Amino acid sequence: MSGCYRAYVRLARADPSQSGGTPTSVGRCPTLSDEAARRPRSPNDLATDRGLRRVCGKLTRLRGARLGPPVGSSDRDHRSVAPSPASSSFARKASSAWRKDLLIARSSDNLIWLGWAGNYDHGTGRSEMRQGLDDLSASRMAPTSQGEGAVPAGGDRVPFPGLARLASELELPELPTPFLVVDLDVMERNIERMAAYFGTSRSRLRPHMKHHKCSEISRLQLKAGCAGITCATSDEIRAAVRGGIDDILLANVLTDRKRLASVADSARDAKVTIASDSAHAAQLASAAATDHHVHLGVVVEVDIGMHRSGVSTADEAVELAQYIASLPGLSFRGIMAYEGGLVEIEDRAARSAAVHAAFEPIGDLLEQLKRAGLDVEMVTGGAASTYDVAYGLPYLTDVQAGSYVFMDAAYATLVPEFEVALAAIATVATSRPGRPVVLDVGSKRISTDWGIPVLAGFHARHYANSEEHNRFMVEGPRMPEVGERVAVVPGHSSSTVSLYQHLVGCRNNRFERILKVDGRDAIA
Ligand SMILES: Cc1ncc(COP(=O)(O)O)c(C=O)c1O
């Protein structure tokens, strides 16, 4: 027998004058304890309870941040409610972290509910569950209602009109859709703007290549005045070195021997600094460096709340730094701390306060390292939405911002001083009044891991996506026509770019040149 349950916790109140209520989308909405009382316990239940407690814990921590309006779509007509980037991406993270379906619904009285669904052997609940998921399909896993940031607020303005014009004026019929276009003027403005912000300050820009994976673009960033670049993978490093870049930070802890060998090989032609967070990882890096007769700089990664990699305490960091300094082929260079868990906080002041608080322990750590006789030449962290905060941290030397180059629908509201330069060009497959418009670009060609795609130039709400299609409800005044080429702005550019081998560089809505995504994974 199969079955299911849904458990909801109240996430935030959209209207503080209201209280109580249950989600409209799923009808009855039992709490975990109601439901648990009616069915036998199993090991899975315990995991479920733990998972829900973790959700609650995370929500408690998030309470300081402004979560914005209700998230996700929740009514039976699939009418969407605009999600806030902060809360929708939180949902995405939570769901991927716990490998369960995290559902978001709005209650009749405008409370936001965050629900967590799982299956268990119990009666006929499965069909009920299916119904619930169908009702909530547009908010499941990858939230599919249109992000606030995607639609400029106010009146009749349509989102991303420049990219919409690019799609309609670009004459490239020989290139089949979907393909990715970059508005080179916009991209260059973003690069210049960020480089000018850092100028010749003590805190230097070391832009992250993982965003575009194009050594050509990294070179443009260096030309605009950056300290070096940041990479996430050995393939990015290899492409960068082949492209003539000679100062690279690997902001990632690699432990695969083959990958480390590739990094060490690249270090023959460039100054390469890697991140490490354990004695074992450092030993592996040391072995790769000595095998290749090269030297690798190492920064100790400290976890400042993201809970990805990084040591947890200052004592651990000092101990590891001393150990690294003692290993052949390695030299200790400093500290890395990435505030990845905070980059999506919607409210800029709250984001800034959270980043300052997260980095606070780093000051003490630097003192401790000094007392231990260790020289620190690099302290690195930062992202596109926190570049200005990172700039203001007195000890940060290298800021790893990446996504400001192309931007995307999710980042558009977080740092509106940068413009969106990237879109997928797609062809309309189906267009009927009252029905969603169907495009020939699906999740295999436009990522949905962080926010949803946005149809440029139309008043449209994202309806759903599947492997080869995205569907949008277009609200007029004009419907895109069958065969028409349109521009779709990804929710997340970084993970969309790596689905393509080439980017189509355009200027004044005309083709200029192809940019090779040469930092893509060369092995898989
Ligand atoms: C280690 C590290 N540094 C910096 C960034 C910042 O990137 P972005 O500017 O694209 O948010 C990331 C993003 O994933 C990262 O993983």
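For the structure itself, consult the block above.
Residues numbered from 1 in each chain as written. Predicted model: local features only at pLDDT ≥ 70, side-chain atom pairs only at ≥ 80, totals over all residues. Heavy atoms only, no water.

Report on the overall build of the protein chain, specifying residues and quantitative values.
Secondary structure summary: the protein chain contains 15 helices and 20 strands in total. Residues counted as buried form 57% of the 524 residues belonging to the protein chain. Sequence-distant contacts, at least 24 apart, represent 71% of the contacts inside the protein chain between residues at least 6 apart. Element-wise, carbon and sulfur atoms account for 50% of the exposed surface of the protein chain, whose accessible area totals about 21,600 Å². (Helix = DSSP H or I, 4+ residues; strand = E, 2+ residues; numbered from the N terminus. Buried < 20%, exposed > 50% of the residue type's maximum accessible area, 1.4 Å probe, protein only. Contact = heavy atoms within 4.5 Å. Areas by Shrake-Rupley, 256 points an atom, 1.4 Å probe, with all protein chains shown as cover.)

Which residues make up the packing of helix H6 (residues 184-198) against helix H7 (residues 215-225), and what values go with them?
Where H6 contacts H7, the two axes come as close as 9 Å, and the packing angle between them is 40 degrees. In terms of axis orientation, H6 runs oblique to H7. The two elements H6 and H7 meet at a crossing, and its hand is right-handed. Residues Met187, Ile191, Glu192 and Ala195 of H6 form the contact with H7, whose participating residues are Ile217, Leu220, Gln221 and Ala224. When the residues that make up the contact of H6 with H7 are grouped by side-chain class, the tally is six nonpolar, one polar and one charged. (Axes fitted to C-alpha atoms, helices over the stretch in contact; angles between N-to-C directions. Parallel < 35°, antiparallel > 145°, perpendicular 65-115°, else oblique. Left-handed = near helix turned anticlockwise from the far one by under 90°. Nonpolar A, V, L, I, M, F, W, Y, C, P; charged D, E, K, R; others polar.)

Kindly report on H6, identifying the contributing residues and their values.
Helix length check: H6 (15 residues) gives 21 Å between terminal C-alpha atoms against 21 Å at 1.5 Å per residue, within 8%. Its side-chain oxygen placed 3.1 Å from the backbone nitrogen of Asp185, Asp183 serves as the N-cap of H6. Downstream of H6 by a residue or two, Gly199 has a phi angle that is positive, lying close to 50 degrees. (Expected span 1.5 Å × (residues − 1). Polar contact = N/O pair within 3.5 Å; in protein donor to acceptor, adjacent residues only side chain to side chain.)

Please set out the sheet that holds strand E6 (residues 229-231) residue by residue, giving values where relevant.
Taken together, eight strands build an open sheet; the order of strands is E5-E12-E11-E10-E9-E8-E7-E6 and the sheet is parallel. Since the sheet does not close on itself, it has two edges, and those belong to strand E5 (204-205) and E6, each with one partner. For strand E10 (residues 330-336) and strand E11 (residues 378-381), the ladder comprises three bridges, and the chain directions are parallel. Counterpart to Met336 in the pairing with E11 is Thr380. (Pairing = 2+ DSSP bridges.)

Describe unusual backbone geometry, naming the residues involved and giving the relevant values.
With an omega of 0 degrees, the peptide bond between Thr177 and Pro178 qualifies as cis. Even without glycine at this site, Met407 takes up a positive phi of about 60 degrees. Positionally, Met407 belongs in the loop between strand E12 (398-399) and helix H14 (411-414). Unusually for a residue other than glycine, Asn508 sits at a positive phi of about 50 degrees. Residue placement: Asn508 occurs in the loop between strand E19 (502-507) and strand E20 (510-516). Residue classification places Asn508 among the exposed positions, given a relative accessible area of 61%.

Which residues make up the side chain of Asn470, and what values do they have?
Inspection of the secondary structure puts Asn470 in strand E17 (residues 470-474). On the accessibility criterion, Asn470 (0% relative accessible area) is buried. At 2.6 Å, the side chain of Asn470 and the side chain of His462 are in polar contact. Every residue in contact with Asn470, bar those within four places of it in the chain, is listed here: Val437, Val438, Leu439, Val441, Gly442, Ile446, Pro453, His462, Ala464 and Asn465.

Provide a residue-level description of the packing of aromatic side chains, including the pertinent values.
All told, the structure shown has seven aromatic pairs when counted by the stated rule. Look at Tyr411 and Trp450: their rings are 5.0 Å apart centre to centre, the planes differ by 90 degrees, and that puts the pair in the edge-to-face class. Here Tyr411 is found in helix H14, whereas its partner Trp450 is found in the loop between strand E14 (437-439) and strand E15 (454-455), with 39 residues between them in sequence. Each member of the pair, Tyr411 as well as Trp450, carries the same accessibility label: buried. By the ring-pair criterion, three or more aromatic residues cluster together here, those being Tyr197, Phe198, Tyr387, Tyr391, Tyr404 and Phe418. (Phe/Tyr/Trp six-rings, centres within 6.5 Å; stacked < 30°, edge-to-face > 60°.)

Lay out the site of the ligand in plain terms, naming residues and giving numbers.
Close to the ligand lie 14 residues, the nearest being Ala384, Gln400, Gly402, Ser403 and Tyr411. One of the side-chain N or O atoms of Lys210 is found 2.8 Å from an oxygen atom in the ligand. One of the side-chain N or O atoms of Gln400 is found 2.6 Å from a nitrogen atom in the ligand. Summarising the interface, the protein chains cover 90% of the accessible area of the ligand, which totals 390 Å² for the free molecule. Split into classes, the residues belonging to the shell around the ligand amount to seven nonpolar, five polar and two charged. (Near = heavy atom within 4 Å.)

Go over the nonpolar core with me, naming the residues and quoting the values.
Ranked by internal contacts, the top residues of the largest apolar core, which has 126 residues, are Ile362, Phe406 and Leu439. Sort the elements by how many residues they give to this core and helix H12 (residues 348-371) lands first, with eight residues. Both domain 2 (126-184 + 411-516) and domain 3 (246-399) contribute no fewer than three residues apiece to this core. If near-sequence neighbours (up to four positions away) are discounted, Leu439 is found in contact with Ala426, Thr427, Val428, Ala429, Leu455, Glu468, His469, Asn470, Phe472, Val486 and Val488. If you look at the next biggest cluster of nonpolar residues, it comprises eight residues, including Ala251, Ala275, Ala281 and Met336. (Core = buried A, V, L, I, M, F, W, Y, C linked by side-chain atoms within 4.5 Å. Domains from an automatic or database assignment.)

Can you explain the pairing of strand E8 (residues 271-276)? Please cite residues and give values.
Burial analysis of E8 places five of its six residues in the buried class, which makes it a mostly covered element. Bridge analysis of strand E7 (residues 247-250) against E8 gives four bridges, and the strand direction is parallel. Each residue of the ladder has a partner; that of Asp247, found in E8, is Lys271. Remark: the E7/helix H9 (residues 257-266)/E8 crossover connection has right-handed handedness. With four bridges joining them, E8 and strand E9 (residues 296-301) adopt parallel strand pairing. Pairing of Ala275 across the sheet is with Val299, part of E9. Taken together, E8, helix H10 (residues 279-291) and E9 form a β-α-β motif whose crossover is right-handed. (Right-handed = clockwise from strand over helix to strand, strands pointing away.)

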